[in-house]
Amino acid sequence: MKKQELAYCGLDCAECPVFIATATDDEELRQKTAKEWSKLYAAQLAEYAGKNELEPEDMNCEGCHSEGDHFIGCMYCPIRKCGQDKKITTCAGCNEYGICDMLNGFFTLHQHAKENLDRMRM
Ligand code: SF4
Ligand code: SF4
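These numbers come from a predicted model, not from an experiment. (Residues numbered from 1 in each chain as written. Chains lettered and ligands numbered in written order. Predicted model: local features only at pLDDT ≥ 70, side-chain atom pairs only at ≥ 80, totals over all residues. Heavy atoms only, no water.)

A.B. asks: Looking at this structure, I do not really get the environment of Ser 66. What am I missing?
C.D. replies: Within the secondary structure, Ser 66 sits in the loop between helix H3 (42-49) and helix H4 (72-75). A sequence separation of 26 residues divides Ser 66 from Leu 40, and the C-alpha atoms of the two residues are 24 Å apart. At a separation of 2.9 Å, a polar atom in the side chain of Ser 66 contacts the main-chain amide nitrogen of Gly 68. (Helix = DSSP H or I, 4+ residues; strand = E, 2+ residues; numbered from the N terminus. Polar contact = N/O pair within 3.5 Å; in protein donor to acceptor, adjacent residues only side chain to side chain.)

A.B. asks: I'm lost on the site of ligand 2 in this one. Help?
C.D. replies: Neighbouring ligand 2 are the residues Ile 79, Cys 82, Lys 86, Ile 88, Cys 91, Cys 94, Cys 100, Met 102 and Leu 103. Residue assignment for the shell around ligand 2 shows that the elements contributing at least two residues are helix H5 (78-85) and helix H6 (101-107). (Near = heavy atom within 4 Å.)

A.B. asks: Hey, could you run me through the nonpolar core in this one?
C.D. replies: The biggest cluster of nonpolar side chains holds 16 residues, and the ones touching the most others in it are Ile 79, Cys 91, Leu 103, Phe 107 and Leu 117. Among the secondary structure elements, those contributing two or more residues to this core are H6 and helix H7 (111-121). Take this core: its biggest share by element is three residues, from H6. If you look at the next biggest cluster of nonpolar residues, it comprises 10 residues, including Tyr 41, Leu 45, Cys 61 and Phe 71. (Core = buried A, V, L, I, M, F, W, Y, C linked by side-chain atoms within 4.5 Å. Buried < 20%, exposed > 50% of the residue type's maximum accessible area, 1.4 Å probe, protein only.)

A.B. asks: Help me understand the layout of surface pockets in this model?
C.D. replies: Think of a ball as big as a water molecule: rolled over the atoms, this probe shows where empty space is left. Empty space within the largest pocket amounts to approximately 730 Å³. Lining the largest pocket are 33 residues, with Leu 11, Tyr 41, Cys 74, Phe 106 and His 110 positioned closest to its centre. For the lining of the largest pocket, the secondary structure elements donating two or more residues are helix H1 (17-24), H3, H4, H5, H6 and H7. For the lining of the largest pocket, a count of residues per class yields 22 nonpolar, seven polar and four charged. (1 Å grid on protein atoms, 1.4 Å probe; cavity = no way out; pocket = protein on both sides within 12 Å on 5 of 7 lines; lining within 4 Å. Points joined across faces, edges and corners; volume = space filled by probe spheres on them. Nonpolar A, V, L, I, M, F, W, Y, C, P; charged D, E, K, R; others polar.)

A.B. asks: Sorry, what's going on with the side chain of His 70 here?
C.D. replies: Here His 70 lies in the loop between H3 and H4. Classification of His 70 as buried rests on a relative accessible area of 15%. Within polar-contact distance, the side chain of His 70 engages the side chain of Arg 80 at 3.1 Å. The contact partners of His 70, leaving out residues within four places of it in the chain, are Asn 60, Cys 61, Gly 63, Cys 64, Met 75 and Arg 80. (Contact = heavy atoms within 4.5 Å.)

A.B. asks: Would you mind showing me how to read the packing of H1 against helix H2 (residues 27-40) here?
C.D. replies: Each pair of packed helices can be summarised by the angle the axes make with each other and by the distance between the axes. Close contact between H1 and H2 brings their axes to 9 Å; oriented N to C, the two are set at 160°. Judged by the angle between their axes, H1 and H2 are roughly antiparallel. Note that H1 runs across H2; the crossing there is left-handed. Residues Pro 17, Val 18, Ile 20, Ala 21 and Thr 22 of H1 form the contact with H2, whose own contacting residues are Leu 29, Arg 30, Thr 33 and Trp 37. (Axes fitted to C-alpha atoms, helices over the stretch in contact; angles between N-to-C directions. Parallel < 35°, antiparallel > 145°, perpendicular 65-115°, else oblique. Left-handed = near helix turned anticlockwise from the far one by under 90°.)

A.B. asks: So what exactly am I meant to see when it comes to the site of ligand 1 here?
C.D. replies: Taken together, Leu 11, Cys 13, Cys 16, Phe 19, Cys 61, Gly 63, Cys 64, Phe 71 and Cys 74 are the residues near ligand 1. Under a 2 Å grid-point criterion requiring more than half of the atoms, the pocket assigned to ligand 1 is the largest pocket. (Sits in = over half its atoms within 2 Å of the grid points.)

A.B. asks: Any chance you could explain the pattern of salt bridges here in plain terms?
C.D. replies: Close approach of charged atoms lets side chains of opposite charge pair. The tally for this structure, following the rule as stated, stands at seven salt bridges. Overlapping salt bridges bring together Asp 25, Glu 27 and Arg 30 as one network. (Salt bridge = Lys/Arg side-chain N within 4 Å of Asp/Glu carboxyl O.)

A.B. asks: Would you mind going over the packing of aromatic side chains with me for this structure?
C.D. replies: Geometrically, a pair of aromatic rings is defined through the distance of the ring centres and the angle of the planes. A full pass over the atoms with the stated rule returns three aromatic pairs. Ring geometry for Trp 37 and Tyr 41: centres 5.3 Å apart, planes at 85°, overall edge-to-face. As far as burial versus exposure is concerned, Trp 37 and Tyr 41 are alike and both buried. Taking 5.1 Å as the distance between ring centres and 70° as the angle between the ring planes, the aromatic pair formed by Trp 37 and Phe 71 counts as edge-to-face. Here Trp 37 is found in helix H2, whereas its partner Phe 71 is found in the loop between H3 and H4, with 34 residues between them in sequence. The class of Phe 71 is buried, set by a relative accessible area of 4%. Each residue in the set Trp 37, Tyr 41 and Phe 71 is aromatic and connected to the rest through ring pairs, giving one cluster. (Phe/Tyr/Trp six-rings, centres within 6.5 Å; stacked < 30°, edge-to-face > 60°.)

As structure tokens, then:
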């Protein structure tokens, strides 16, 4: 079983297709994910990265907490930056958990991220 590597937002990086494509150097998975995520994250891409379309070469990431490569969307992710500024490991450790609009907005698209962080808070 892969080790769970939770991003600040609660996504499990070990399950992320970009992380897997990077770890296994899977070009087909990079191409497939670039196409899917160009649609899924169109608004965020335009806002944070100034581009509309992802290319396979954009699909490299070694995980939210790593010192290595980051996917462009996660590199400029405001949740990640906020967690780093607060010097916490994930948003589960934040005293604004539950009332944070930024995180709650993200959870509407990623329910499993909420479940991961809720589990950490139990
Ligand atoms: S930080 Fe990287 S590995 Fe983690 S969810 Fe974002 S793109 Fe995937
Ligand atoms: S304020 Fe929100 S985004 Fe920032 S660390 Fe707390 S829960 Fe996460």
